[in-house]
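Inside the fold
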Amino acid sequence: MRIFSGSSNKKLAEKIAQQLNIPLSPLEIHVFPDGEKRVRVLEKVVDQHVVVVQSTGGDGRSDEYYMELFFIIDALKRSGASEVTVVVPYMGYQRQDHVFREGEVVSSAAIIEMLEAVGANVFIAFDLHSIRIPELFHIPVKHLSALPLFVHKIREYGFDKESVLVSPDMGGNRRIKQMSEMLGNMPHASIVKDRDLASGIVSAQTIEGALKKKAIIVDDMISSGKTIEAAVSLLKKQGVLQILVLAVHPVFSDEAPILLQNLPIEKVVVSDTIEVPKEKQFQKLTILSVANMIAGEIKA
Ligand code: R5P
């Protein structure tokens, strides 16, 4: 087996390689003056099972990361690889998984067609926005969840008692129920969120379920941070004293890190499905690694 990394999340790829006890295989990614990229595989992969690690989002470069991934898979297939397992810890474009308004693209379906066309054989991803996404594939999908990683942090931060799990929108209900089961049926509640599809503006409105002194907001990703901001504001108005925020994917666009640091919350715990550069890290942030889980799945 060989493991290769695209340029989006090399740190995570290195950790996975370490867990698998094999070095990362070399790949040349040449950038031409006009920004186009040329990928070259620098190791023999004939009849080999190869793994490619590449997250496809997080810093406004989803398109670039996807193109790079398509080129890597193509180069590996042309070099004779027998099977390509594509690890996309964070899958960009996953939120547009169906037609919301007439005339729209289904971005995730288009991306999946391209991945399959260039030769991906197995797809591994974390906490996809909707459980319908794996159904859009024609190759095996291993849909992993980073939620179990959060359980010990909840205990460590003292949120295991007098707490309620809160989903910031109804779309997160399945996630919050899974989390509740992992925490011995911790009570849970959901916010009924409104987002204007044209402007993206979020207004948290009502909450379904009873609250407690402490709340743990669980989401799949934080992008602008507006969803979390709206949820925190509603919970505070309802008298919640302490809030812990957990989200799998730290997309952290724009000013999200500053916004989150300044919210009246204890901590923001995320995973490393997306690399958070130093300049986007903040005091309240804790990052947990999914490397072990990916290595385990590759070995299985
Ligand atoms: C929405 O359905 C997702 O689960 C997240 O709540 C959302 O994408 C977060 O985005 P933002 O941080 O921009 O509000």
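Here the structure is shown first, and the text comes after it.
Residues numbered from 1 in each chain as written. Predicted model: local features only at pLDDT ≥ 70, side-chain atom pairs only at ≥ 80, totals over all residues. Heavy atoms only, no water.

The next point concerns the sheet that holds strand β5 (residues 83–88). The strand order across the open sheet formed by five strands is β1-β4-β5-β6-β7, and the pairing between neighbours is parallel. Lying at the two open borders of the sheet, with one neighbouring strand each, are β1 (2–5) and β7 (141–144). Neighbour-to-neighbour, the strand axes of this sheet turn through a mean angle of 15°, independent of strand direction. Where helix α1 (residues 10–20) meets the sheet, its contacts fall on β1 and β4 (49–53), and the angle it forms with β1 comes to roughly 165°. Where helix α2 (residues 62–78) meets the sheet, it contacts β1, β4 and β5, and its direction lies at approximately 165° from that of β5. (Pairing = 2+ DSSP bridges. Helix = DSSP H or I, 4+ residues; strand = E, 2+ residues; numbered from the N terminus. Axes fitted to C-alpha atoms, helices over the stretch in contact; angles between N-to-C directions. Contact = heavy atoms within 4.5 Å.)

With that settled, the discussion passes to the nonpolar core. By size, the foremost hydrophobic cluster in this structure holds 36 residues, and its most contacted members are Ile 16, Met 179, Ile 216 and Leu 246. Discounting chain neighbours no more than four positions away, the residues touching Met 179 are Leu 147, Phe 150, Val 151, Ile 154, Leu 165, Val 218 and Leu 246. Ranked by size, the runner-up nonpolar core spans 29 residues in total, among them Phe 70, Phe 123, Ala 125 and Leu 128. (Core = buried A, V, L, I, M, F, W, Y, C linked by side-chain atoms within 4.5 Å. Buried < 20%, exposed > 50% of the residue type's maximum accessible area, 1.4 Å probe, protein only.)

Running from N to C, α1 and helix α8 (residues 291–299) point in directions that differ by 50°, and their axes come no closer than 9 Å. Here α1 lies oblique to α8, going by the angle between them. Considering the relative orientation of α1 and α8, their crossing is right-handed. Seen from α1, the contacting residues are Leu 12, Lys 15, Ile 16, Gln 19 and Leu 20; seen from α8, they are Ala 291, Asn 292, Ile 294, Ala 295, Ile 298 and Lys 299. Each residue belonging to the contact of α1 with α8 can be placed in one class, and the counts come to seven nonpolar, two polar and two charged. (Parallel < 35°, antiparallel > 145°, perpendicular 65-115°, else oblique. Left-handed = near helix turned anticlockwise from the far one by under 90°. Nonpolar A, V, L, I, M, F, W, Y, C, P; charged D, E, K, R; others polar.)

So, on to the site of the ligand. Within the structure, the ligand sits among 14 residues, and Asp 219, Asp 220, Ser 223, Ser 224 and Thr 227 are positioned closest to it. Between an oxygen atom of the ligand and a side-chain N or O atom of Asp 169, the distance comes to 3.4 Å. One nitrogen or oxygen atom from the side chain of Thr 227 is found 2.4 Å from an oxygen atom belonging to the ligand. Relative to its unbound accessible area of 380 Å², the ligand is 90% covered by the protein chains. Put simply, the parts of the chain that give the shell around the ligand at least two residues each are β9 (188–195), β11 (214–222) and α6 (226–237). The greatest single-element share of the shell around the ligand, amounting to four residues, is contributed by β11. Split by residue class, the shell around the ligand holds two nonpolar, five polar and seven charged. (Near = heavy atom within 4 Å. Polar contact = N/O pair within 3.5 Å; in protein donor to acceptor, adjacent residues only side chain to side chain. Areas by Shrake-Rupley, 256 points an atom, 1.4 Å probe, with all protein chains shown as cover.)

Once that is clear, we can look at the packing of aromatic side chains. One pass over the full model with this rule turns up four aromatic pairs. Relative to Phe 282, the ring of Phe 252 has its centre 5.8 Å away and its plane inclined at 50°; by these criteria the two rings are tilted. Taken together, the positions of Phe 252 in the loop between β12 (242–250) and α7 (256–261) and Phe 282 in the loop between β13 (267–271) and β14 (285–288) put the pair 30 residues apart, joining distant regions of the chain. For the pair shown, Phe 252 and Phe 282 are each scored as buried. By way of ring pairs, the aromatic residues Tyr 66, Phe 70 and Tyr 93 are connected into one cluster. (Phe/Tyr/Trp six-rings, centres within 6.5 Å; stacked < 30°, edge-to-face > 60°.)

Let us look at the environment of Ser 7. Here Ser 7 shows up in the loop between β1 and α1. Between the C-alpha atoms of Ser 7 and Ala 295, which are 288 residues apart in sequence, the distance is 19 Å. Setting aside chain neighbours within four positions, we find Ser 7 in contact with Lys 37, Gln 54, Tyr 65 and Glu 68.

Keep in mind these numbers describe shape, not what the thing actually does.
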